[in-house]
Amino acid sequence: MTSNLLVGAYLLPVLIGFLIVTPWGESFASSLTDRFPSLKSARGRLLSGLQLISLAGFAVSTQTLWISSKISEGGSFCSSTSTFSCDDLLGNSKLNVDPVLGLSWGLIGMATFALLLFIVLVLKQEHNHPLSERFVSMGLLTTGIGLLVIGLLVSYEIQEEKICLYCTTAHIANIAAFVGFFRLKKLQEDNSEWNK
Amino acid sequence: MKIDVIEDENAAAVGNALIKVMSLFFIGIMIIAFTANPVSVGTNEGQRAPDIEGKYYNGSGWTEFDFSSYFNTSWQEGDVSGQWVVIEFMDTDCPYCQQTADEYGQFANTFSVNNPDWNGPHVNFLASATELDIQGHETDRAEIEKFRSDYNHNFPYIDDIDQDNMKEWGIPGTPNYFLIQPDGIIAWSSSEHQDEKVNDAIVRLVPRESA
């Protein structure tokens, strides 16, 4: 039960980041602009929201890889007879790796969110970087492929009749990042807004 | 001169971001490496045995087999109380499986808690019966039941006629034996010790009271 409550620590920054990258992010972030001046511009809000989402996504992916590793040792972390039992999914040696290369989904999540974080950090430092358009497209493509992966992983959850809350938090982070990069792409097309 | 400065700034942006992200990734991996000791699933010695799925026959009928019920993941090496598992991948029509069937049945009786001469933990014997892709090797559940009865085996026979388990375990041919620790880790496999019989492996590896 405690392990499921711990998910909140990852979910909260993801949801805050998600709120910031949505069109309602401006009103939400307005009270924070004195403390965080970067939130004043649309680009700043999107990049800050994406940074929060990517960091939380990276952290929760690391946690899922750790849980898989602990279960393989013979331990348990969030085993439960209820629907919310991540051990049944993260400990399933057939389902916790990708079907092509056999890499752990947790490791793939870590690499994905690390890539997104890299893109965000570059754009935060140099938003007119010669590769900025390509970076944003790369972020959009990565999170778009992530949506397909989420579909596959959710099908595993339906098949096993179990829900892994840690995995779900990583999925929400990917969806939130997709929304963020989509809005960032739109913003980039409007040169005056992008350079504000 | 100005162009050089811009290029430097662009390179610095990528470099700084790369250092930060790589450091974060490295820290994440190091945390996992220092706090967990993952065991991979596979059929080599030291790996966690893959699952065995299907129905099994125990003399009265065919019911769902639960391989995980044989293991206690908290078992510690040297603990004499945990039950070990020997599994044979076989085909009822394989001549060598037929030749060794009597012997395998004797081993099951020898390494049992019901044998007063055996001072070690109980060793559960299992057989996973498949149908090799060889002409004349066609089989069915009735043939598996008959084979078990003919050799007076009293241990479970798992239906692997569809070869699912055999493929999952990467079994090249039959018979093939594995000795598995009470925590589900493969301690010995016949393919890695072709000059050692499974009974000798049990005597060598399974801890005993007086050992």
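From a predicted model like this one, the values you see are computed outputs, not experimental measurements. (Residues numbered from 1 in each chain as written. Chains lettered and ligands numbered in written order. Predicted model: local features only at pLDDT ≥ 70, side-chain atom pairs only at ≥ 80, totals over all residues.)

J.: So what exactly am I meant to see when it comes to the overall build of chain B here?
T.: In terms of regular secondary structure, chain B is built from 5 helices and 7 strands. Order of helices (α) and strands (β) in chain B, N terminus to C terminus: α-β-β-β-α-β-α-β-α-β-β-α. For 211 residues, the compact-globule estimate of 2.2 N^0.38 gives 17 Å, and the C-alpha radius of gyration of chain B, at 25 Å, exceeds that figure by more than 25%. For chain B, the C-alpha atoms occupy an extent of roughly 90 × 50 × 35 Å along the three principal directions. Sequence separation of 24 or more characterises 71% of the internal contacts of chain B that already satisfy a separation of 6 or more. (Helix = DSSP H or I, 4+ residues; strand = E, 2+ residues; numbered from the N terminus. Rg over C-alpha atoms; globule rule 2.2 N^0.38 Å. Contact = placed C-beta atoms within 7 Å.)

J.: It is not clear to me how the packing of helix H3 (residues 42–73) of chain A against helix H5 (residues 105–125) of chain A should be interpreted in this structure. Could you clarify?
T.: Helix packing for two helices is described by the angle between their axes and how far apart those axes are. Residue and element names in this part refer to chain A. Where H3 contacts H5, the two axes come as close as 8 Å, and the packing angle between them is 160 degrees. In terms of axis orientation, H3 runs roughly antiparallel to H5. Taken as a pair, H3 and H5 cross one another with a handedness that is left-handed. Facing Leu47, Leu50, Gln51, Ser54, Leu55, Gly57, Phe58, Ser61, Thr62, Thr64, Leu65 and Ser68 of H3, the residues of H5 in contact are Trp105, Gly106, Leu107, Gly109, Met110, Phe113, Ala114, Leu116, Leu117, Val120, Leu123 and Lys124. Here the contact of H3 with H5 is built from residues that sort into 14 nonpolar, 9 polar and 1 charged. (Axes fitted to C-alpha atoms, helices over the stretch in contact; angles between N-to-C directions. Parallel < 35°, antiparallel > 145°, perpendicular 65-115°, else oblique. Left-handed = near helix turned anticlockwise from the far one by under 90°. Nonpolar A, V, L, I, M, F, W, Y, C, P; charged D, E, K, R; others polar.)

J.: Hey, could you run me through the interface of chain A and chain B in this one?
T.: Residue-level contacts link 20 residues of chain A with 24 residues of chain B. Counting residues per element, the ones that place at least two in the side of chain A that touches chain B are H3 and H5 of chain A. When residues of the side of chain A that touches chain B are assigned to their parent elements, the largest contribution, 8 residues, is made by H3(A). Across the side of chain A that touches chain B, the residue classes break down as 10 nonpolar, 7 polar and 3 charged.

J.: Whenever I open this one, the pairing of strand S5 (residues 157–160) of chain B confuses me. Can you help?
T.: Two faces make up the sheet, and in a regular strand the side chains alternate between them. Residue and element names in this part refer to chain B. By the alternation rule, side chains of S5 split into Tyr157 and Asp159 and Ile158 and Asp160, which are all buried. Here 2 bridges tie strand S1 (residues 55–57) to S5, and the two strands are oriented antiparallel to one another. Looking at S5, one finds that tyrosine 57 is bridged to tyrosine 157. Pairing analysis gives 4 bridges linking strand S4 (residues 123–130) to S5, with the strands arranged parallel. Residue pairing across strands places alanine 129 opposite aspartate 159, the latter belonging to S5. The parallel pair S4 and S5, bridged by helix H3 (residues 141–150), forms a crossover whose chirality is right-handed. (Buried ≥ 20, exposed ≤ 12 C-beta atoms within 10 Å, placed from the backbone. Pairing = 2+ DSSP bridges. Right-handed = clockwise from strand over helix to strand, strands pointing away.)

J.: I keep staring at the confidence of the model for chain B and nothing clicks. Help me out?
T.: Keep in mind that low pLDDT regions are not for reading the predicted coordinates in detail. Looking at chain B as a whole, its pLDDT mean stands at 91, while 96% of the residues score no less than 70. Interface confidence in the predicted complex, given as ipTM, is 0.86; pTM for the same model is 0.77. (pLDDT = per-residue confidence, 0-100.)

J.: Looking at this structure, how should I read the domain arrangement of chain B?
T.: What the domain assignment reports for chain B is domain 1 (1–38) and domain 2 (55–205). For domain 1 of chain B versus domain 2 of chain B, the distance between C-alpha centres works out to 51 Å. (Domains from an automatic or database assignment.)

J.: Help me understand the confidence of the model for chain A, please; the structure alone is not making it clear to me.
T.: On average, chain A scores 90 in pLDDT, and the residues at 70 or more come to 98%. Per-residue pLDDT, averaged within each element of chain A, yields its smallest value for helix H8 (residues 191–194) of chain A (80) and its largest for H5(A) (96).

J.: Hey, could you run me through the sheet that holds S5(B) in this one?
T.: In sheet architecture, strand pairing relies on hydrogen bonds along the backbone and comes in two forms, parallel and antiparallel. Residues and elements named next belong to chain B. The sheet built from 7 strands is open, its strands ordered S2-S1-S5-S4-S3-S6-S7 with mixed pairing. Sheet topology places strand S2 (62–64) and strand S7 (186–189) at the edges, where each strand pairs with a single neighbour. Across this sheet, the average inter-strand angle for adjacent strands is 30 degrees, counted without regard to direction. Here helix H5 (residues 198–205) sits on the sheet and contacts strand S3 (84–91), S4, strand S6 (176–180) and S7; the angle it forms with S6, its principal contact strand, is near 15 degrees.

J.: Explanation requested: the packing of helix H1 (residues 2–21) of chain A against H3(A) in the structure shown.
T.: All names here are of chain A. Look at H1 against H3: their axes get within 8 Å of each other, and the N-to-C directions meet at 155 degrees. One finds that H1 runs roughly antiparallel with respect to H3. Relative to H3, H1 is oriented so that their crossing is left-handed. Here H1 contributes Tyr10, Pro13, Val14, Ile16, Gly17, Phe18, Ile20 and Val21 to the contact with H3, which in turn contributes Arg45, Leu46, Ser48, Gly49, Leu50, Leu52, Ile53, Leu55, Ala56, Gly57, Ala59 and Val60.

J.: I keep staring at H3(B) and nothing clicks. Help me out?
T.: Residue pairs spaced three or four apart in an α-helix point in one direction, given the helix's 3.6 residues per turn. Residues and elements named next belong to chain B. Here H3 has its buried residues at Ile144, Phe147 and Arg148. End-on, the buried residues of H3 take up no more than an arc of 95 degrees, which puts them together on one face. Opposite the packed face of H3, turned more than 90 degrees from it, sit the exposed residues Ala142, Lys146, Ser149 and Asp150. On its buried side, H3 packs onto S1, S4 and S5. (Arc of directions from axis to C-beta.)

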